[in-house]
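Read off the chains here:
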Amino acid sequence: MKKSWITVAVIALLALAGVAVWLFMSLQEQKQANEEMLELAALDKQEMENEYERFSLQYSEMMTQINNDSIVAQLTREQLRTQQLLEELKKVKDSDAREIARLKKELATVRDVLRSYIRQVDSLNRINESLRTENSHMRDELEASSRQIAGLNNEKASLSEKVAIAAQLDATGLTMTPLNKRNKAAKKMKDCKQIQVSFNIAKNVTAKNGQRTLYVRIQTPNGDVLTGGTFAYESKQIEYSMKKVVEYTGEETSVVTYWPVNEFLGAGDYRVSVFADGQMIGTRTFSFEK
């Protein structure tokens, strides 16, 4: 009987030892499992922190790519929110599964918002690029138009100059005749009592019709001018000898002027010039004997 009791006690002790070993092994496995879960949670948390930081940097990069103050303000606001969530995540313990889950959900929201802004900024950049291209084309067209207008203005100015030149009067058949006291041509200057200067205003259909003031200038051999007054020529006043107003109709017009001689006139070369409308329209040199 005693032997039987001892056998039962040994069996019970062995059973208890087996249960103890099983419990110990189970606790070890649970501990290892918990450690692995904490390690995975820490890795997950670190990956979330990296994503939050990357999203914050993307907001900064987008703000350098756009010139819209309103959108920049929105991006700044979302970036601050992302940074705030990142700071919250850094303070959370690896074992706080509930808080990590909340911040992971927030991360998904931040990701969606960021994607919407990326699409919006890309769209605006494409529009801006299209506008820049269009503006470039418009500038090219404007420059081409400006060059064309400048060319037309130059052509117009050249044409106007040609018309102005074509419209200038022309004195032809210019003669200077010394007259004696009988109003006959004098052979020598010592017999000259009056100088006759005659010429024709050539026909010109482009010239303006109407009254024209003609100035005749006689320069003596010693360089003096037989002076009857002054007139404007090339921004200055110069002397003239005779002045005559004629009615010009575009047809050839004969003009005769006279200078009464009240001084001694010597032999030599006399230069006669005719002016009208601020232009010299004819000139010629005449030689006379003493």
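Before reading further, recall that the structure is shown in the block above.
Quick notes on the rules
- Residues numbered from 1 in each chain as written.
- Predicted model: local features only at pLDDT ≥ 70, side-chain atom pairs only at ≥ 80, totals over all residues.
- Heavy atoms only, no water.
- Helix = DSSP H or I, 4+ residues; strand = E, 2+ residues; numbered from the N terminus.
- Buried < 20%, exposed > 50% of the residue type's maximum accessible area, 1.4 Å probe, protein only.
- Areas by Shrake-Rupley, 256 points an atom, 1.4 Å probe, with all protein chains shown as cover.
- Core = buried A, V, L, I, M, F, W, Y, C linked by side-chain atoms within 4.5 Å.
- Contact = heavy atoms within 4.5 Å.
- Polar contact = N/O pair within 3.5 Å; in protein donor to acceptor, adjacent residues only side chain to side chain.
- Pairing = 2+ DSSP bridges.
- Axes fitted to C-alpha atoms, helices over the stretch in contact; angles between N-to-C directions.
- Phe/Tyr/Trp six-rings, centres within 6.5 Å; stacked < 30°, edge-to-face > 60°.

**Notes on the overall build of the protein**
Helix and strand counts for the protein stand at three helices and nine strands. Reading the helices (α) and strands (β) of the protein from amino to carboxyl end gives α-α-α-β-β-β-β-β-β-β-β-β. Evaluated residue by residue, the protein yields a buried proportion of 28% over its 290 residues. Split by element, the accessible area of the protein, about 19,700 Å² in all, is 53% carbon and sulfur.

**Here we look at the nonpolar core**
Most often, soluble globular proteins have nonpolar side chains that are buried together. In terms of nonpolar packing, the biggest core is built from 29 residues, with Met176, Ile195, Val197, Phe199, Ile201, Ile218 and Val272 touching the most fellow members. Only strand 1 (171–179), strand 2 (194–201), strand 3 (210–219), strand 6 (242–248), strand 7 (253–260), strand 8 (268–276) and strand 9 (279–288) provide two or more residues apiece to this core. Once residues lying within four places of it in the same chain are set aside, the contact partners of Ile218 are Met176, Ile195, Val197, Asp224, Val225, Leu226, Ser241, Met242, Trp259, Tyr270, Arg271 and Val272. If you look at the next biggest cluster of nonpolar residues, it comprises 20 residues, including Met48, Leu89, Leu103 and Val110.

**Observations concerning the side chain of Thr253**
Within the fold, Thr253 resides in strand 7. A residue is classified by how much of its surface remains accessible, and Thr253, at 15% relative accessible area, is buried. For Thr253, the side chain forms a polar contact with the main-chain oxygen of Glu251, separated by 3.1 Å.

**Considering the environment of Gly268**
One can find Gly268 in strand 8. C-alpha of Gly268 to C-alpha of Phe288: the two residues are 20 residues apart in sequence and 5.4 Å apart in space. Excluding its chain neighbours within four sequence positions, the residues that come into contact with Gly268 are Pro221, Phe286, Ser287 and Phe288.

**A short note on the sheet that holds strand 3**
Strand order in the open sheet formed by four strands is 6-3-8-9, and the pairing between neighbours is antiparallel. Looking along the sheet, the strands with just one partner apiece sit at the ends: strand 6 and strand 9. Going across the sheet, the axis of each strand differs from the next one's by a mean of 20°, ignoring polarity. Relative to strand 9, strand 8 runs antiparallel, the two being bridged by nine bridges. Its bridge partner being in strand 9, Phe275 is matched across the sheet by Met280.

**A word on the environment of Thr206**
Secondary-structure assignment places Thr206 in the loop between strand 2 and strand 3. Remark: the alpha-carbon pair of Thr206 and Leu169, spanning 37 residues in sequence, is separated by 9.6 Å.

**Describing the packing of aromatic side chains**
Under the definition given, this model contains six aromatic pairs. A centroid spacing of 4.4 Å and a plane angle of 10° characterise the contact between Tyr215 and Phe231, whose relative ring orientation is stacked. On the criterion of sequence distance, the pair formed by Tyr215 in strand 3 and Phe231 in strand 4 (residues 229–233) is long-range, its members being 16 residues apart. Since its relative accessible area comes to 18%, Tyr215 is described here as buried. Ring centres of Phe231 and Phe275 lie 5.2 Å apart, and the angle between their planes is 55°; on these two criteria the pair is classed as tilted. Of this pair, Phe231 sits in strand 4 while Phe275 is found in strand 8, placing the two residues 44 residues apart along the sequence. Ring pairing ties together the aromatic residues Tyr215, Phe231, Tyr233, Tyr240 and Phe275, which thus form one cluster.

As far as function goes, none of this settles anything; it's purely spatial.
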